[in-house]
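Here is how the chains run, residue by residue.
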Amino acid sequence: MLLIPVFVALGTLAQGPTSPSTLLPGFTVTTKVLEVPEATKVTLENITRLPNAKTVVQPSVSMLAGNEGKTAILSQLEYPITETAKGQAQWGWSIAATPTEEKDGTIRLAFQLEHSFLAGYNGTLPTITRRSVQTTYRLKSGESFLLPLGKGENKAPLYALVSVTRDRR
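Bear in mind the structure is a predicted one, so any value in this text is a computation, not a measurement.

Turning our eyes to something else, we now look at the pattern of salt bridges. As a working rule, side chains carrying opposite charge can pair if their charged atoms are close by. In the structure shown here, the tally under the stated rule is six salt bridges. The partner of Glu78 in a salt bridge is Lys86, with the nearest N and O atoms 3.7 Å apart. A relative accessible area of 59% means that Lys86 is categorised as exposed. Of the charged contacts in the structure, one is a salt bridge between Asp104 and Arg138, with a shortest N-O distance of 3.0 Å. With Asp104 in the loop between β6 (86–101) and β7 (107–122) and Arg138 in strand β8 (residues 125–139), this residue pair connects regions lying 34 residues apart in the sequence. Relative accessible area serves as the criterion here: at 52%, Asp104 is assigned to the exposed category.

Of the residues in the chain, 83% have a pLDDT of 70 or more, and the chain-wide mean is 75. Mean pLDDT values for the elements of the chain range from 30 in strand β1 (residues 2–9) up to 88 in β8. Within the model, pLDDT remains below 50 along residues 1–24, and this stretch shows 51 contacts once partners closer than five positions in the same chain are excluded.

Conventions adopted
- Residues numbered from 1 in each chain as written.
- Predicted model: local features only at pLDDT ≥ 70, side-chain atom pairs only at ≥ 80, totals over all residues.
- Heavy atoms only, no water.
- Salt bridge = Lys/Arg side-chain N within 4 Å of Asp/Glu carboxyl O.
- Buried < 20%, exposed > 50% of the residue type's maximum accessible area, 1.4 Å probe, protein only.
- Helix = DSSP H or I, 4+ residues; strand = E, 2+ residues; numbered from the N terminus.
- pLDDT = per-residue confidence, 0-100.
- Contact = heavy atoms within 4.5 Å.

Take a look at the structure:
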């Protein structure tokens with residue numbers, strides 16, 4: 001079995017109108033996924049200052065208002081199906097975000113985060129476990145929200161600290 005670690009950052013900048021009079025504001029969504037020991041009290045205020053919290057991944061994606069931005073950090077495994085055919089399995093982290101500016105100046109953020117990992121093998125075939133969460137938040141530029149994600153590969157609780165910033169063009 002050949003294990004090929006491939007880390008791919010797939011970032012897309014959503015395309016929109018290009019005329020200066022019709023440019024929409026741009027946004028950057030940053031997601032910091034942290035692994036925290038079981039007995040630690042986690043709040044939005046203390047998660048970045050916890051000495052025992054480990055950053056697992058920290059992707060960032062930029063897009064125009066109303067357009068979806070996606071990014072992924074993936075590993076890839078090539079495995080035999082037959083003597084001549086091979087399959088590929090991918091796992092890792094992906095985020096998709098669609099910000100929309102509301103009339104009151106707040107940002108409505110439709111957000112999806114997926115975590116998948118190699119859980120083992122069924123014979124020679126890899127078993128991939130996937131977990132995903134979808135949510136919508138309303139917040140001001142520069143504000144953050146904390147999203148509990150369950151437990152990760154190491155059985156420690158995972159949290160996503162998500163922030164969005166407006167980039168006026």
